[in-house]
Amino acid sequence: MKITINLDQTVGDDEICIHVKKITETVSRLVEKISADGEAGNDAGFSSMITGKQDETVTFLKPENIVRIYSLQKKVYAKVYGSENDQDDYELSQRLYQIEELMKEDDFRRFIRISNTDIVNFDYLKNMDMSLNGNIVMNLKNGERVFVSRRYMKEIKTKLKIR
């Protein structure tokens, strides 16, 4: 592996570019290590971000842009709003329980687990349908509807201050 560092006094914010033929386990660990250690010397706060992969590109995902994190067919994805109001799905290397551990950090306090397969960002919650048949559905601002498991309802009601 070749490592090159270019010093450029005209650069506003530090930038790390990784050029690879393909995403390997080593590259993924390197990106995770950089993102975990980045906050110490960088106000951008890389440790408060998670990395998502789309095709062969790894992207740092800011918590405020993540609508929901969900598992599907044994993989974990993040639904993310982009800068042009479009939505993209990124594959995450973490499992849902690992993401749940991140929710203890300040930047992830708006997230809550709503089922075995979903974690939702409350900033994107439009309303909740608490129908008489016992099913609870969260309607998100992006038009998605996600079902809430009764197992997680007590914690959700506590966080939303609902009786």
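None of these values were measured; they are calculated from a predicted model.

Thresholds applied
Residues numbered from 1 in each chain as written. Predicted model: local features only at pLDDT ≥ 70, side-chain atom pairs only at ≥ 80, totals over all residues. Heavy atoms only, no water. Core = buried A, V, L, I, M, F, W, Y, C linked by side-chain atoms within 4.5 Å. Buried < 20%, exposed > 50% of the residue type's maximum accessible area, 1.4 Å probe, protein only. Helix = DSSP H or I, 4+ residues; strand = E, 2+ residues; numbered from the N terminus. Contact = heavy atoms within 4.5 Å. Polar contact = N/O pair within 3.5 Å; in protein donor to acceptor, adjacent residues only side chain to side chain. Pairing = 2+ DSSP bridges. Axes fitted to C-alpha atoms, helices over the stretch in contact; angles between N-to-C directions. Phe/Tyr/Trp six-rings, centres within 6.5 Å; stacked < 30°, edge-to-face > 60°. Lys NZ or Arg CZ within 6 Å of the ring centre and 35° of its normal. 1 Å grid on protein atoms, 1.4 Å probe; cavity = no way out; pocket = protein on both sides within 12 Å on 5 of 7 lines; lining within 4 Å. Points joined across faces, edges and corners; volume = space filled by probe spheres on them. Nonpolar A, V, L, I, M, F, W, Y, C, P; charged D, E, K, R; others polar.

Here the focus is the nonpolar core. Ile114, Met128, Met138, Val148 and Ile156 are the most contacted members of the largest nonpolar core, which totals 17 residues. Residue assignment for this core shows that the elements contributing at least two residues are strand E8 (125–130), strand E9 (136–140), strand E10 (145–148) and helix H3 (153–160). Considering each element in turn, this core owes the most residues, three residues, to E9. Aside from chain neighbours lying at most four places away, what touches valine 148 is Ile114, Ile136, Met138, Met153 and Ile156. Ranked by size, the runner-up nonpolar core spans 16 residues in total, among them Leu92, Leu96, Met103 and Phe111.

Mapped onto the fold, arginine 68 is located in strand E3 (residues 66–72). Judged by relative accessible area, which is 10%, arginine 68 ranks as buried. Of the polar contacts made by the side chain of arginine 68, one reaches the side chain of aspartate 118; its length is 2.7 Å.

Further remarks concern the sheet that holds E8. With respect to topology, three strands assemble into an open sheet ordered E8-E9-E10, the strand pairing being antiparallel. What marks the edges here is a single partner per strand, and that holds for E8 and E10. Ignoring strand direction, the axes of neighbouring strands in this sheet form an average angle of 25 degrees. Bridge count for E8 against E9 is five bridges, and the pairing is antiparallel. Among the inter-strand pairings, asparagine 127 is bridged to a residue of E9, identified as asparagine 139. Packed onto the sheet, H3 meets E8, E9 and E10 and runs at close to 130 degrees relative to E8.

Quick look at the sheet that holds strand E7 (residues 118–121) now. Taking strand neighbours across the sheet as the criterion, the seven strands line up as E2-E1-E5-E4-E3-E7-E6 in an open arrangement whose pairing is antiparallel. At either end of the open sheet lies a strand with only one pairing partner, and these are strand E2 (57–61) and strand E6 (111–113). Within the sheet, the average angular offset between the axes of one strand and its neighbour, ignoring direction, is 30 degrees. As defined by bridge partners, strand E4 (residues 75–81) adjoins strand E5 (residues 87–92) across six bridges and the pair is classed as antiparallel. Bridge pairing in E5 places alanine 78 opposite tyrosine 90.

Geometrically, a pair of aromatic rings is defined through the distance of the ring centres and the angle of the planes. Tallied over the entire structure, the rule returns two aromatic pairs. Between arginine 68 and the ring centre of tyrosine 70, over which it is positioned, the NZ or CZ distance is 4.3 Å.

Before going further, it helps to spend a moment on the layout of surface pockets. The volume enclosed by the second largest pocket comes to roughly 260 Å³. Lining the second largest pocket are Ile16, Cys17, Ile18, Val20, Ile23, Val27, Val31, Ile34, Glu56, Thr57, Val58 and Phe60. Counting only elements with at least two residues in the lining of the second largest pocket, the list comes to helix H1 (25–37) and E2. Its residues placed into classes, the lining of the second largest pocket shows ten nonpolar, one polar and one charged.

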